[in-house]
Amino acid sequence: MAAAGKRSLAELSLDEFLAAGCESEPDGGSEEEAAARPAKGAAAQRRQGGKARQPLQARPAARKKGKASEHKDQLARLKDKDPEFYKFLEENDRTLLNFDASDSSDEEEEKLHIPPDTLEEASDEDEEEEHETVKRKRVSLIPVSLKMVEEWKKAAERNLTPKLFHEITQAFKASVATTKGDSGGADPSKFQVTDAAVFNALVSFCVRDLFRCLQKLLLLKTPKNKLKMVLPSTSPLWSKLRLDIKAYLSCTIQLLSCLTEASVGVAVLQHVSSIVPYYLSFPKQCRALLKQAINLWSTGEETVRVLAFLVLNKICRYKKEVYLSPLLKQMYIAFVKNSRFTSPNVLPMINFMQRTLTEMYALDTHTSYQHAFIYIRQLAIHLRSAMTIKKKENFQSVYNWQYIHCLYFWCRVLSTIYPSEVMEPLIYPLTQVIIGCIKLVPTARFYPLRMHCIRALTLLSENTRTFIPVLPFILEVFQQVDFNKKPGRISAKPINFAVILKLSNANLQEKAFRDGLIEQLYDLMLEYLHCQAYSIGFPELVLPTVIQLKSFLKECKIANYCKPIRQLLEKLQENSAYIASKRQKATFGVASRESVEQWEKKVKEEGTPLTKYYTQWKKLREKEIQLEISGKERLEDLNFPEIKRKKQDESKEEDKKEFKDLFELDSDSDEENVGFPIKGKTKAKEASDDSSEASSKDYGEDDDDEEGKYEIEEDEDEEELEEDSDSDEEGKEAARVSQGSQKQRSCTRGMSRSDLEQLAQGEEDIVEDLAFSDDD
């Protein structure tokens, strides 16, 4: 033993280790302990099967037994040391003195796990047996074939039974399990689907025909009132089919989450929409379906989005009190999450989400008010922090697409639900938030954002019959922007204000910026004023606008900008005169609100000059916006009757190129000599040709034509010369557009006869010089 003690611990056997440990124990040499230790050591050795951790567990047991024997010896010594106390214990607690060490050890051993006498050691054979078991299970699976699917289909159409429905459900479960891509683990059913054709046939059968047969089996009656729904749980056979239906519904949700093909997703969603009553019978499956449908509604393909919305709407209409409030919250969060970025391709989807989510909020105004109050308040808190802290991060929390889309969405909600006494109090705070958003950073860079806010206010004002002072935010732009300023750079493409929130410094220097801005201001004023066109106070409402537009026309020297503004001004004045003549015949006073409303309603039905003009303009504008969103050419460029004129333009473009090549052209063309000798520079020549082109076209030219006009308009004298040289073509355009005729008359009045003669002489002199240089 001494030699064993010198050896290292790893070299000791279990018996040697236990024996060495016992020898070191004080007072531990009883015969019972010596007899028990080898037995326990052997049992521990069998239990471990070669593992090294059991000796650490056997040693505390031996210590416990040694402590019990020691306690017994202490009681024996107590008799000699204190006989009186020992006698007291004999009289009162005899069991304490009859303490036996073997009893305590037996109890302790009973608490421990007692292994069997013979244990098999762990080896590779166990793993092989497990693999064999799995193989046996796999072999026991029944492969589904096309023949089986056809037999199930015929049997179901003849007479569907609970047993047959169970088999079909299990096969459907097996087919859906293949979409996971998991080969291992517990198999979902006794069937196995490995062929794609079998998968398609089985899923197609379940989606199209299975529940139609199940409906006959459950003997469900169609309700007389379509607003009510008969749940399948009322059927007497429901208890037999309940578990299988539940498994089928869960598998259908899983199938929806795995599908990537839009056409298959459409078919499955149509099936889900038809079996909504079954989902309503299982709250857990219904919640899972709502979650998946929201995901498809916010991220899926167009048709998938529509069908997912129909499923959501159908569930909420029949279980409004249970699912509507949480569903509105999740749909709103999904809408905000997916409206972070806006592009021409994404914008239609965002508009779809706004309109459909508005339909959901219209289902219950009381629930909608709670959500609208919280979210509008949240928008106001973001705006307040941006106004008070004035840091870049706070500004960005307001001036982003998610914030703007939310503002427009709530305007749409309040407009759709109106009239509603519940939602009406939210109109004022929402209006204040939008106005605060406009005033937060009122610079030219954020004009696109201002346009979006103005459109939201116009929508809210028109549909809620609430007067909102929108015109000041539009007219303010005329005072801040100098439209006569020469552009710093020429842009090839127009700016699409529908998909931007701010402009870069380079955009502000482009001519396309001013062109698009005039177009936007024209649209916004017309959209807002047409909804006020039948108001009895329209003449007073538009008076500041008329004054501002007249001031703009006096200051602006750009014909392309003056033209639409002058046209709008004439329409406003015409409508004001119409309303003024109508209200002169009124017999009621201003205080009679009911009479005023009846009068306005009558005028609205009859129509006003501005509303009639707006109807025609709106049709053309909607087509133009669709083309702009799709990234195609402008609507004016697709005017087919202008094809011949475009051919003439092409010939002039060829002449321009010849101008550049050291003026190598024939001098027979009198038309081309008109604009050439004025400046004597290539750039001026190109501008002159562009001006002659533009004079023969209607309003709404390409950017290149407008750029040509713009450069000419910078020099007033040269502009007059150009207009006189093309007086014939200007006369034709003046017959169609009154604004052009007014401008032409004003230009001709400003020129005397001597000026015209001098112009003619100047042209001849320069042409002669050019002809001479060509001969050289």
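Residues numbered from 1 in each chain as written. Predicted model: local features only at pLDDT ≥ 70, side-chain atom pairs only at ≥ 80, totals over all residues. Heavy atoms only, no water.

Concerning the overall build of the protein
The helix and strand inventory of the protein stands at 39 helices and 2 strands. Relative to its full complement of 776 residues, the protein shows a buried share of 43%. Sequence-distant contacts, at least 24 apart, represent 72% of the contacts inside the protein between residues at least 6 apart. Only carbon and sulfur atoms are counted for the fraction: they give 51% of the accessible area of the protein, which is about 44400 Å². (Helix = DSSP H or I, 4+ residues; strand = E, 2+ residues; numbered from the N terminus. Buried < 20%, exposed > 50% of the residue type's maximum accessible area, 1.4 Å probe, protein only. Contact = heavy atoms within 4.5 Å. Areas by Shrake-Rupley, 256 points an atom, 1.4 Å probe, with all protein chains shown as cover.)

Re unusual backbone geometry
Of note, the amide linkage connecting Y418 to P419 takes the cis form, showing an omega dihedral of 0°. Mapped onto the elements, P419 comes out in the loop between α21 (401-417) and α22 (427-440). Non-glycine residue K390 carries a positive phi angle of around 60°. Inspection of the secondary structure puts K390 in the loop between α19 (365-389) and α20 (392-398).

Some thoughts on the nonpolar core
Core analysis: the largest hydrophobic core is formed by 167 residues, its most contacted members being W297 and W410. Residues in contact with W410, not counting those within four places in the same chain, are Y332, Y361, H371, A372, Y375, I376, L379 and L430. (Core = buried A, V, L, I, M, F, W, Y, C linked by side-chain atoms within 4.5 Å.)

Some words on the packing of aromatic side chains
The description of an aromatic ring pair rests on the distance of the ring centres and on the angle between the ring planes. All told, the structure shown has 23 aromatic pairs when counted by the stated rule. Ring centres 5.7 Å apart and planes at 70° place the aromatic pair F483 and Y561 in the edge-to-face group. Note that F483 is positioned in the loop between α24 (471-480) and α25 (505-508) and Y561 in helix α29 (residues 559-584), a separation of 78 residues in sequence. Comparing F483 with Y561, the two get one shared label, buried. By the ring-pair criterion, three or more aromatic residues cluster together here, those being Y332, F335, Y361, Y375, F409 and W410. (Phe/Tyr/Trp six-rings, centres within 6.5 Å; stacked < 30°, edge-to-face > 60°.)

Side note on the side chain of S461
Looking at the element boundaries, S461 is found in helix α23 (residues 447-464). Under the relative-accessibility criterion, S461 is labelled buried at 3%. In contact with S461, not counting residues within four places along its chain, are T466, F467, I468, Y528 and Q532.

Observations concerning the packing of helix α10 (residues 162-177) against helix α12 (residues 238-258)
Two numbers describe how α10 lies on α12: the axes approach to 9 Å, and their chain directions differ by 25°. Relative to α12, the element α10 is oriented roughly parallel. α12 is crossed by α10, and the crossing has left-handed handedness. The segment α10 lies against α12, with P162, F165, H166, T169, F172, K173, V176 and A177 engaging L241, D244, I245, A247, Y248, C251, T252, Q254 and L255. The class makeup of the residues in the contact of α10 with α12 is 11 nonpolar, 4 polar and 2 charged. (Axes fitted to C-alpha atoms, helices over the stretch in contact; angles between N-to-C directions. Parallel < 35°, antiparallel > 145°, perpendicular 65-115°, else oblique. Left-handed = near helix turned anticlockwise from the far one by under 90°. Nonpolar A, V, L, I, M, F, W, Y, C, P; charged D, E, K, R; others polar.)

Considering the pattern of salt bridges
Two side chains that carry opposite charge are able to pair once their charged atoms sit near each other. Counted according to the given criterion, the structure contains 11 salt bridges. The residue R212 makes a salt bridge to D209 at a minimum N-O spacing of 3.1 Å. Of this pair, R212 and D209 both sit in helix α11 (residues 196-218), 3 residues apart, roughly one helical turn. Under the relative-accessibility criterion, D209 is labelled buried at 14%. Where E540 meets R583, a salt bridge forms, and the shortest distance between an N and an O atom there is 2.7 Å. Remark: R583 occurs in helix α29 and E540 occurs in helix α27 (residues 538-541); sequence separation between them is 43 residues. In this structure E540 comes out as partly exposed when scored by relative accessible area, which is 47%. (Salt bridge = Lys/Arg side-chain N within 4 Å of Asp/Glu carboxyl O.)

Remarks on the confidence of the model for the protein
Predicted confidence across the protein gives a mean pLDDT of 74, with 64% of residues reaching 70 or more. Ignoring residues within four places in sequence, the model shows residues 661-750, a span with pLDDT below 50, making 137 contacts including any to other chains. Contacts from residues 763-776, a stretch scored under 50 in pLDDT, to residues over four places away or in other chains number 7 contacts. (pLDDT = per-residue confidence, 0-100.)

Thoughts on helix α30 (residues 593-606)
Here α30 contains 14 residues, and its C-alpha end-to-end distance of 20 Å stays within 8% of the 20 Å for a straight helix at 1.5 Å per residue. Among all positions in α30, only V596, W599, E600 and V603 are buried. Across the axial projection of α30, the buried residues extend over an arc of 100°, all falling on one side. Of the exposed residues in α30, those oriented more than 90 degrees away from the buried face are E594, Q598, K601, K602 and E605. Buried positions along α30 lie against α29. Following α30 by one or two positions, G607 has its phi on the positive side, about 95°. (Expected span 1.5 Å × (residues − 1). Arc of directions from axis to C-beta.)

Description of the packing of helix α28 (residues 543-555) against α29
Two quantities define a packed helix pair, namely the angle between the axes and the distance from one axis to the other. Between α28 and α29, whose axes approach to 10 Å, the crossing angle comes to 150°. By the angle between their directions, the pair α28 and α29 is classed as roughly antiparallel. As α28 runs across α29, the sense of the crossing is left-handed. Contacts between α28 and α29 pair T545, V546, L549, K550, F552 and L553 from the former with Y561, C562, I565, R566, L568, L569, L572 and Q573 from the latter. Its residues placed into classes, the contact of α28 with α29 shows 10 nonpolar, 2 polar and 2 charged.

A closer look at the environment of A197
Residue position: A197 is located in helix α11. On the basis of relative accessibility, which here comes to 37%, the residue A197 falls in the partly exposed class. In the structure, A197 is positioned 52 residues away from S145 in sequence and 9.0 Å away in space, judged by C-alpha atoms.

Regarding the state of the cysteines
Per the stated rule, a full pass over the model turns up 0 disulfides. Among the cysteines around C251, which has no disulfide bond, C206 carries the closest sulfur, lying 9.7 Å off. You can see C411 has no disulfide; the closest cysteine sulfur is in C453, sitting 8.9 Å from it. (Disulfide = S-S within 2.5 Å.)

Some thoughts on the side chain of D244
With respect to the secondary-structure elements, D244 resides in helix α12. Nearest to the buried, unbridged D244 among oppositely charged side chains is K173, at 8.3 Å. Residues contacting D244, with those up to four places away along its chain left out, are P162, F165, H166 and T169. (Lys, Arg positive; Asp, Glu negative; His and termini not counted.)

So, the environment of S325
Note on placement: S325 falls in helix α17 (residues 320-337). A C-alpha to C-alpha distance of 8.3 Å links S325 and H371, two positions 46 residues apart in sequence. Not counting residues within four places of it along the chain, the set of residues in contact with S325 comprises T367 and H371.

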